[in-house]
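Below are the chains, spelled out letter by letter.
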Amino acid sequence: AIAAGTIQTNVYSARIAANGSLGAWALAGNNPGAGPFGNVGVAYNGYLYQIGSGTSDAAAGATTATYYSPITGNGAVGVWTAGTVLTGARYLASITQYNGIVYAIGGDSTAGAAQTTIYYSTLSAGIGAWSTATTTLTTGYDAGSAIIQNGYLQVLGGTTTNAYGGGTTNTYVVPITTTGNITN
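Only a predicted model underlies this, so the values are computations on that prediction, with no experimental measurement involved.

A separate point is the overall build of the chain. Counting its regular elements, the chain contains 0 helices and 15 strands. Burial statistics for the chain: of 184 residues in total, 43% are counted as buried. Summed over its atoms, the accessible surface of the chain is roughly 8800 Å², and 53% of this surface lies on carbon and sulfur atoms.

Right under this line is the structure:
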């Protein structure tokens, strides 16, 4: 059994069948470091990327850390490599990728305040330099979901104060330029 509030270091994977159903979950490896909390990852082109995290169940532990690891043919995670650090520490940011560009949206800073900034970087067997998008969210935001569809970034739900309060039903939709920047 896993004790409540215990930071886990495991990575699990499950094969996705042609009909969309999931196979059995299996241990695929470990997270880098000492068990990041509040981290989010994306997969792209045979690699798993972990962007931002916390060192504890508190925003004060927010980090700028990023990591990437190859994904083997059976879904296992290889050796983790430290990537280019985020411009600002983030914990519970929304992470998504589109055409080889990863986006870190909002998240809590080390002060525990939900942020409006959107960072983006290229992915190519590593993580490139981070840029700050021209457009910001209209209010601080964390712990939600983000998707990209038809050239638009959509940020859904989450909270506006921190991960433990201020839930919102807001949806943000902004276009993405051909260079990956986000503008209005």
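As a further point, take the sheet that holds strand β12 (residues 152-156). Strand order in the open sheet formed by 3 strands is β11-β12-β15, and the pairing between neighbours is antiparallel. In the strand order of this sheet, the two ends are held by β11 (145-149) and β15 (171-175), each with one partner. Direction aside, the axes of adjacent strands within the sheet are offset by 15° on average. As judged from the 5 bridges shared by β11 and β12, these two strands associate in the antiparallel manner. Counterpart to A146 in the pairing with β12 is V155.

A surface patch of nonpolar side chains, about 610 Å² in accessible area, is lined by Y12, I16, L22, W25 and L27. Along the chain, L27 falls in strand β2 (residues 26-30).

The next point concerns the environment of G112. Note that G112 resides in the loop between β8 (101-105) and β9 (118-122). G112 sits 51 residues away from G61 along the chain, and the two C-alpha atoms are 9.2 Å apart.

Another point: the sheet that holds strand β5 (residues 62-70). Judged by pairing direction, the sheet is antiparallel, and its 4 strands sit side by side in the order β3-β4-β5-β6 without closing on themselves. Two strands in the sheet have a free side with no partner beyond their single neighbour: β3 (40-44) and β6 (81-82). With 2 bridges connecting them, β5 and β6 associate as antiparallel partners. Bridged to Y68 within β6 is T81.

This part is about the pairing of strand β4 (residues 47-54). The buried fraction of β4 amounts to 6 of the 8 residues, a majority that puts the element mostly inside the structure. Across 5 bridges, β3 lies against β4 in antiparallel orientation. Opposite Y44, over in β4, you have Y47 as the bridge partner. Where β4 meets β5, 7 bridges bridge the pair, whose relative direction is antiparallel. The residue bridging Q50 from the neighbouring strand is Y67, located in β5.

What follows concerns the packing of aromatic side chains. By convention here, two paired aromatic rings are described through the distance between centres and the angle between planes. For the coordinates displayed, the defined rule picks out 5 aromatic pairs. The interplanar angle of 40° and the centroid separation of 6.2 Å between the aromatic rings of Y47 and Y49 together place this pair among those described as tilted. Taken together, the aromatic side chains of Y47, Y49 and Y68 make up a single cluster linked through ring pairs.

Procedures and definitions
- Residues numbered from 1 in each chain as written.
- Predicted model: local features only at pLDDT ≥ 70, side-chain atom pairs only at ≥ 80, totals over all residues.
- Heavy atoms only, no water.
- Helix = DSSP H or I, 4+ residues; strand = E, 2+ residues; numbered from the N terminus.
- Buried < 20%, exposed > 50% of the residue type's maximum accessible area, 1.4 Å probe, protein only.
- Areas by Shrake-Rupley, 256 points an atom, 1.4 Å probe, with all protein chains shown as cover.
- Pairing = 2+ DSSP bridges.
- Axes fitted to C-alpha atoms, helices over the stretch in contact; angles between N-to-C directions.
- Patch = residues over 30% accessible without salt bridge, like charges linked within 9 Å, V, L, I, M, F, W, Y side chains within 5 Å.
- Salt bridge = Lys/Arg side-chain N within 4 Å of Asp/Glu carboxyl O.
- Phe/Tyr/Trp six-rings, centres within 6.5 Å; stacked < 30°, edge-to-face > 60°.

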